[in-house]
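Chain and residue survey
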Amino acid sequence: MRDIHHFIGGQTLAGASGRFGDVMDPNTGQVQARVQLATIDEVDRAVQSAQAAFEGWASTNPQRRARVMFEFKRVVEARMDELAHLLSSEHGKVIADSKGDLQRGLEVIEFACGIPHALKGEYTQGAGPGIDVYSMRQPLGVVAGITPFNFPGMIPMWMFGVAIAVGNTFVLKPSERDPSVPVRLAELMLEAGVPEGVLNVVHGDKVAVDALLTHPQVHAVSFVGSSDIAHYVYRLGAEHGKRVQAMGGAKNHGIVLPDADMDQVIRDLTGAAYGSAGERCMALPVVVPVGQKTADDLRERLVEEIPSLKVGVSTDADAHYGPVVTAAHKARVEGWIARGVEEGAELIVDGRGFSLQGHEQGFFIGPSLFDQVKPTMESYREEIFGPVLQIVRAESFEAALALPSQHQYGYGVAIFTRSGSAARDFAARVNVGMVGINVPIPVPVAYHTFGGWKRSAFGDINQHGMEGVRFWTKTKTVTARWPDSALEHADSSFVIPTMR
Ligand code: NAD
């Protein structure tokens, strides 16, 4: 059995906990490797390695740090096929989607290549007599990232790309379900020229997460995962004096107005609801047609379209999506389908019991479609995170607007319409963090920022773009006056200085 080790101080480190997690091949349902689960001491080793590298890296000038990012982008691109296959083999998403996962991460690396510009401070000359004021952004020190299984390429790069470019050193605790790509990325950062210890990877579970959140030398933690854990991470990290951003789960709605381009809507919806087997925080698992006619039309077309979706192994170039990540996750998604039926929703297409010939033990689920889903149902209120699309009918624009606005999650939302004024009004009033207008998965480009509202995110600074630079740095402001014989000596002042 292959073991997946920690990567600390530029070296592979075999863990000593004697505890392991199974890494599955979701296509076959077989265990393909085991990943070590770190002890508190091993987490401390990673932090000490990052601490030892900090001073040198923080004082490396920003152009040199940016050059490492340029080179990292090149080496990842050169190994795109290898990385995408590795990613798919543990996650189960199809190869083209794994390339997309890595590519979205590289877009944040491209942003990080421009870090000298983003790090420029502010300067005011003559803020008072002979006084200049300037501010600078400085790295925090050792910082950490804790990532979910569903984007093992993109999300680690969101975090360490910006954090390392601004001068921090990093400890990554990736998902134990698909840990190999994060380790390869750390090896490639080393190959790209980052010094040993700047990027460390420790594998693990709650023991490792808690050790990072309570470690006195870790200054900031970025987390992405499910909401209950995000909330826990936010509270524990904040209690230990850390800066924390903790992104959680989602239930994104697609609002379809009667004037929408329905052909395009069907294409967008099937891709966004079923792509990656629905295991995306920015998937679109709820569709809200406005008016009876729109709803009936939408339902009919979805029922026609869904049988053309091909579920296959992740290496099948024709497959639209592959298996879900584990048997437990498959059971959970199927449990939500059963719950929807119990609650009285109408299951029009049932993806349970799907079996792929030759891969009967794989974690495959066919596409499912519900109609007559009501806002009071638990299967609507909670995240399913599988290939399940729920139709929630709305009588009016206002009723449709209220659904995502009142939902506990507030990650993304999309509206499909030809009306500029309706879309504009919707974007301004909806109580959700990221809005798509005729764009089903409104993940902002890397130089804007990514973040949700309500139970989708705890903490107040978003991922990547300038918000990422703010999260991973602290601002220092200097007020300076130099002795100058042309200026009269100032008297002692016993009151707070003001600029009159
Ligand atoms: P998860 O919450 O199970 O795991 C995320 C991380 O937390 C992993 O590294 C895991 O090891 C760790 N963890 C798990 N249980 C823990 C515990 N009890 N204490 C401390 N740490 C623990 O999430 P997941 O299943 O890997 O990922 C899917 C979830 O992530 C979905 O809810 C999805 O919506 C969310 N997600 C959100 C975003 C976003 O940007 N908001 C992006 C991707 C995924």
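Residues numbered from 1 in each chain as written. Predicted model: local features only at pLDDT ≥ 70, side-chain atom pairs only at ≥ 80, totals over all residues. Heavy atoms only, no water.

**Overview of the overall build of the protein chain**
Counting secondary structure elements, the protein chain contains 16 helices and 23 strands. The globule rule puts the C-alpha radius of gyration for 500 residues at 23 Å, and the 25 Å found for the protein chain is close to it. For the protein chain, restricting intrachain contacts to residue pairs at least 6 apart in sequence, the fraction spanning at least 24 positions comes to 74%. When the accessible area of the protein chain is evaluated, it comes to approximately 20700 Å², of which 51% is carbon and sulfur surface. In the protein chain, which carries 46 positive and 57 negative side-chain charges, the distance between the mean positions of the two groups comes to 4 Å. (Helix = DSSP H or I, 4+ residues; strand = E, 2+ residues; numbered from the N terminus. Rg over C-alpha atoms; globule rule 2.2 N^0.38 Å. Contact = heavy atoms within 4.5 Å. Areas by Shrake-Rupley, 256 points an atom, 1.4 Å probe, with all protein chains shown as cover. Lys, Arg positive; Asp, Glu negative; His and termini not counted. Charge placed at Lys NZ, Arg CZ, Asp CG, Glu CD.)

**Let's talk about the environment of Trp-57**
Along the chain, Trp-57 turns up in helix 1 (residues 40–58). Exposure remark for Trp-57: the relative accessible area of 2% places this residue in the buried category. Considered as a pair, Trp-57 and Met-189 are 132 residues apart in the sequence and their alpha carbons are 13 Å apart. A distance of 3.5 Å separates the side chain of Trp-57 from the backbone oxygen of Asn-168, its partner in a polar contact. (Buried < 20%, exposed > 50% of the residue type's maximum accessible area, 1.4 Å probe, protein only. Polar contact = N/O pair within 3.5 Å; in protein donor to acceptor, adjacent residues only side chain to side chain.)

**Notes on the site of the ligand**
Close to the ligand lie 29 residues, the nearest being Lys-173, Glu-176, Ser-226, Glu-383 and Tyr-411. Contact distances for the ligand include 3.0 Å between an oxygen atom and a backbone N or O atom of Phe-149. Glu-383 places a side-chain nitrogen or oxygen 2.6 Å from an oxygen atom of the ligand. Considered on its own, the ligand offers 850 Å² of accessible surface; in the complex 89% of this is hidden by protein. Because more than half of its atoms lie within 2 Å of the grid, the ligand is assigned to the largest pocket. Secondary structure elements with two or more residues in the shell around the ligand: helix 6 (154–165), helix 8 (206–214) and strand 11 (218–224). When we break the shell around the ligand down by domain, the ones giving at least three residues each are domain 1 (2–248 + 456–478) and domain 2 (253–437). (Near = heavy atom within 4 Å. 1 Å grid on protein atoms, 1.4 Å probe; cavity = no way out; pocket = protein on both sides within 12 Å on 5 of 7 lines; lining within 4 Å. Sits in = over half its atoms within 2 Å of the grid points. Domains from an automatic or database assignment.)

**Description of the sheet that holds strand 20 (residues 434–437)**
Read from one edge to the other, the open sheet built from seven strands follows the order 15-16-17-14-13-19-20, with strand pairing classed as mixed. Either end of the sheet is taken by a strand with one partner, and the two such strands are strand 15 (346–349) and strand 20. Adjacent strand axes in the sheet meet at a mean angle of 20 degrees, parallel and antiparallel pairs treated alike. Alignment of strand 16 (residues 368–371) against strand 17 (residues 388–391), held across three bridges, turns out to be parallel. The residue bridging Ser-368 from the neighbouring strand is Val-388, located in strand 17. (Pairing = 2+ DSSP bridges. Axes fitted to C-alpha atoms, helices over the stretch in contact; angles between N-to-C directions.)

**Topic: the packing of helix 4 (residues 95–113) against helix 6**
As a packed pair, helix 4 and helix 6 sit with axes 8 Å apart at the nearest point and diverge in direction by 10 degrees. By the angle between their axes, helix 4 is roughly parallel relative to helix 6. For the pair helix 4 and helix 6, contact is made by Asp-101, Leu-102, Arg-104, Gly-105, Leu-106, Val-108, Ile-109, Phe-111 and Ala-112 and by Met-154, Met-157, Trp-158, Gly-161, Val-162 and Ala-165, respectively. Looking at side-chain class alone, the contact of helix 4 with helix 6 contains 11 nonpolar, two polar and two charged residues. (Parallel < 35°, antiparallel > 145°, perpendicular 65-115°, else oblique. Nonpolar A, V, L, I, M, F, W, Y, C, P; charged D, E, K, R; others polar.)

**Re the domain arrangement of the protein chain**
Parsing the protein chain into structural domains produces domain 1 (2–248 + 456–478) and domain 2 (253–437). The gap between the C-alpha centroids of domain 1 and domain 2 is 31 Å. Listed per partner, the contact involves 23 residues of domain 1 and 24 residues of domain 2. Three residues stand out in domain 1 for area buried against domain 2, namely Asn-27, Val-94 and Ser-456, and they jointly supply 28% of the buried area on that side. Taken together, the connections running from domain 1 to domain 2 amount to one salt bridge. (Buried area = accessible area lost by both parts, 1.4 Å probe. Salt bridge = Lys/Arg side-chain N within 4 Å of Asp/Glu carboxyl O.)

**A few points about the packing of aromatic side chains**
In total, this model carries 11 aromatic pairs according to the counting rule given. Ring centres 6.0 Å apart and planes at 20 degrees place the aromatic pair Tyr-123 and Tyr-134 in the stacked group. A residue pair is termed long-range when its members are at least 10 positions apart, and Tyr-123 in strand 6 (residues 123–128) and Tyr-134 in strand 7 (residues 131–139) qualify at 11 residues. For Tyr-134, a relative accessible area of 31% translates into the label partly exposed. (Phe/Tyr/Trp six-rings, centres within 6.5 Å; stacked < 30°, edge-to-face > 60°.)

**With respect to the layout of surface pockets**
Approximately 910 Å³ is the volume attributed to the largest pocket. Lining the largest pocket are 33 residues, and of these Arg-177, Phe-223, Gly-225, Ser-226 and Ile-229 sit closest to its centre. Only helix 8, strand 11, helix 9 (227–239) and helix 12 (327–342) provide two or more residues apiece to the lining of the largest pocket. Counting contributing residues per domain, the lining of the largest pocket is built from domain 1 (2–248 + 456–478) and domain 2 (253–437), each supplying no fewer than three. In this model, the second largest pocket occupies a volume close to 630 Å³. Pro-129, Ile-131, Arg-481, Ala-490 and Asp-491 are the residues nearest the centre of the second largest pocket, which is lined by 19 residues in total. (Points joined across faces, edges and corners; volume = space filled by probe spheres on them.)

**Focus on the sheet that holds strand 23 (residues 473–481)**
As summarised here, the arrangement of the three strands in space is 6-7-23, forming an open sheet in which the pairing is antiparallel. The sheet is open, and its two borders are formed by strand 6 and strand 23, each paired with just one other strand. Across the sheet, the axes of successive neighbouring strands diverge by a mean angle of 30 degrees, strand direction being ignored. Pairing of strand 7 with strand 23, which is carried by nine bridges, proceeds in the antiparallel orientation.

**Considering the nonpolar core**
Counting 65 residues, the largest nonpolar core has Phe-72, Phe-160, Ile-164, Phe-170 and Trp-472 as its most contacted members. Per element, the largest residue contribution to this core is 10 residues, and it comes from helix 6. For this core, the two domains that each supply at least three residues are domain 1 (2–248 + 456–478) and domain 2 (253–437). Other than its neighbours up to four places away in sequence, Phe-170 contacts Ala-50, Val-143, Ala-144, Gly-145, Met-159, Phe-160, Ala-163, Ile-164, Val-198, Leu-199, Asn-200 and Trp-472. (Core = buried A, V, L, I, M, F, W, Y, C linked by side-chain atoms within 4.5 Å.)

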